[in-house]
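Residue-level structure breakdown
These are the residues of each chain, in order.
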Amino acid sequence: MQNVVPPFPKFKKNNASSKKSAHLHIRTIAHQKMSLSDFFSPIDQKKIIPAKGYYTSQLGSKIEYYAVDFPSMEDKTDIAIIGVQEDRNAVNNSGCALAPDYVREKLYRLNEGNYNTKIVDLGNIRRGATVTDTYIALKTVVSELVKKDIIPVIIGGGQDLTYAQYLAYEDLEQKVDLVIVDSHFDLDDDDKTSEGIETTSESYLNKIFLHEPNYLFNYQTYFASQDSLRVMEKLYFDVHRLGELSGNVAVAEPIIRNASMISFDMGAIRSSDAVGNANASPNGFYGEEACQVARYAGFNDKLSSIGFYEFNPAYDNNGQTATLLAQMIWYFMDGVYNRKRDFPLNPKSQYLIYKTSLKHDEHEVVFVKSKKSDRWWMQVPYPAGGSKNERFHLVPCQYDDYKTAVSGEMPDLWWRTYQKLN
């Protein structure tokens, strides 16, 4: 299935070459004072609104969406939904650019939770004259929203868009902790996209690894070659296999709590629960586990953007995958509106401090527990000269890490974090 949309962006007819002009115009927008509306096309209401309209309790009545007028976002906005109609570099999954409207149709029919949502839907970022144009548009939009303290929820498109999502943090000049939920390492070489920022859904991680400066990174996967695992270990990146999480998805919570941004490949869900992906596998997360992961993501005070990629309506069965993805987004929203705002240590009165001594007394390991949420963090000291402003780094952990330290053993998480800080 091919995606047919208007060329992006619109430009004056007196330009000499349409493709070249579009290519130049988007760069002009990206570096001058711009309006976010320049990047979006409105939602086709006929595709998503039921004949009888929405009940007052449904999200379709609560979300301000771009159909005629672009949302102003002048009042406090918490979440912005972004569709991206780009699948040219989604390897073996052409058609996933059509995902946004299929997901909206299911999402808008869900009922609002026990809170007052302040959510806008900005419409769809059209595919640019080149893939690079689309990346620049997404990068610019995500960066502007995060600056406004609005969480972008990206509905792709191919997972190569993760790189554009990641690049948005360049303009913010802040360290990024990235969690990717995927079924394999997307580390393939691709000579075609080696120059510039363009990449593919199977090689975008190379772009991120080679990007300067290097950022802390967490990665979840469950199909990986031993060579790929060795690469991850050498770079001190964390890898969590499906076997660790299956039946005990709560283990993923501290990993997700450490993320600034998350990229979720729908191919990480087993095909029986989410068949809408040309690369679907019989193994993966169950649908309810995927929803729990999404809620953990929303619950994360630190998280500032999330992308759901690789859903392909052409392979869906009775809208099952679209419904599941809509439910995942609902759980993410539920997590956001139930955040505890308890990232340590302010005020200190809201936390308990536990100090443990190891068997040989070579280290004292300090743990912090929130009274609000019962969540745990572990203090890992910066190496000499590692940080000018802080003496230690707080890494989310589990109660089991505390029990390991109490038994006199150093938790593996402490060592991995210390090596990355070093």
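Shown above is the structure to which this text applies.
Summarised in this report is the structure supplied together with it.

The rules we used
Residues numbered from 1 in each chain as written. Predicted model: local features only at pLDDT ≥ 70, side-chain atom pairs only at ≥ 80, totals over all residues. Heavy atoms only, no water. Helix = DSSP H or I, 4+ residues; strand = E, 2+ residues; numbered from the N terminus. Buried < 20%, exposed > 50% of the residue type's maximum accessible area, 1.4 Å probe, protein only. Areas by Shrake-Rupley, 256 points an atom, 1.4 Å probe, with all protein chains shown as cover. Phe/Tyr/Trp six-rings, centres within 6.5 Å; stacked < 30°, edge-to-face > 60°. Lys NZ or Arg CZ within 6 Å of the ring centre and 35° of its normal. Arc of directions from axis to C-beta. Axes fitted to C-alpha atoms, helices over the stretch in contact; angles between N-to-C directions. Parallel < 35°, antiparallel > 145°, perpendicular 65-115°, else oblique. Left-handed = near helix turned anticlockwise from the far one by under 90°. Contact = heavy atoms within 4.5 Å. Nonpolar A, V, L, I, M, F, W, Y, C, P; charged D, E, K, R; others polar.

1. Re the overall build of the protein chain
Across its full length, the protein chain carries 14 helices and 14 strands. In the protein chain, which comprises 422 residues, the share counted as buried stands at 57%. When the accessible surface of the protein chain is totalled, it reaches about 19,400 Å², and 46% of it is carbon and sulfur.

2. With respect to the packing of aromatic side chains
How two aromatic rings sit relative to each other is set out by the distance from centre to centre and by the angle between their planes. Under the defined criterion, the tally for this structure stands at 18 aromatic pairs. On the basis of an interplanar angle of 35° and a centroid distance of 5.5 Å, the ring pair of Tyr65 and Tyr108 is categorised as tilted. Remark: Tyr108 occurs in the loop between α4 (99-107) and β4 (119-125) and Tyr65 occurs in strand β2 (residues 64-65); sequence separation between them is 43 residues. Here Tyr65 matches Tyr108 in class, with each residue buried. Aromatic side chains Tyr66 and Phe70 sit 5.1 Å apart centroid to centroid with 80° between the ring planes, which places their arrangement in the edge-to-face category. Above the plane of the ring of Trp377 lies Arg257, whose end atom (NZ or CZ) is 4.7 Å from the centre.

3. Details of helix α14 (residues 412-421)
Among the residues making up α14, those that are buried are Leu413, Trp414, Thr417, Lys420 and Leu421. Seen along its axis, α14 keeps its buried residues to an arc of 135°; they face one direction.

4. Quick look at the packing of helix α11 (residues 287-299) against helix α12 (residues 320-336)
One can describe the packing of α11 onto α12 by two numbers: an axis separation of 6 Å at closest approach and a directional angle of 30°. With respect to each other, α11 and α12 are oriented roughly parallel. Considering only the axes of α11 and α12, their crossing is right-handed. In this structure, α11 uses Gly287, Ala290, Cys291, Ala294, Arg295, Ala297, Gly298 and Phe299 to contact α12, whose residues at the interface are Leu324, Gln327, Met328, Tyr331, Phe332, Asp334, Gly335 and Val336. For the contact of α11 with α12, the class distribution of residues is 10 nonpolar, four polar and two charged.

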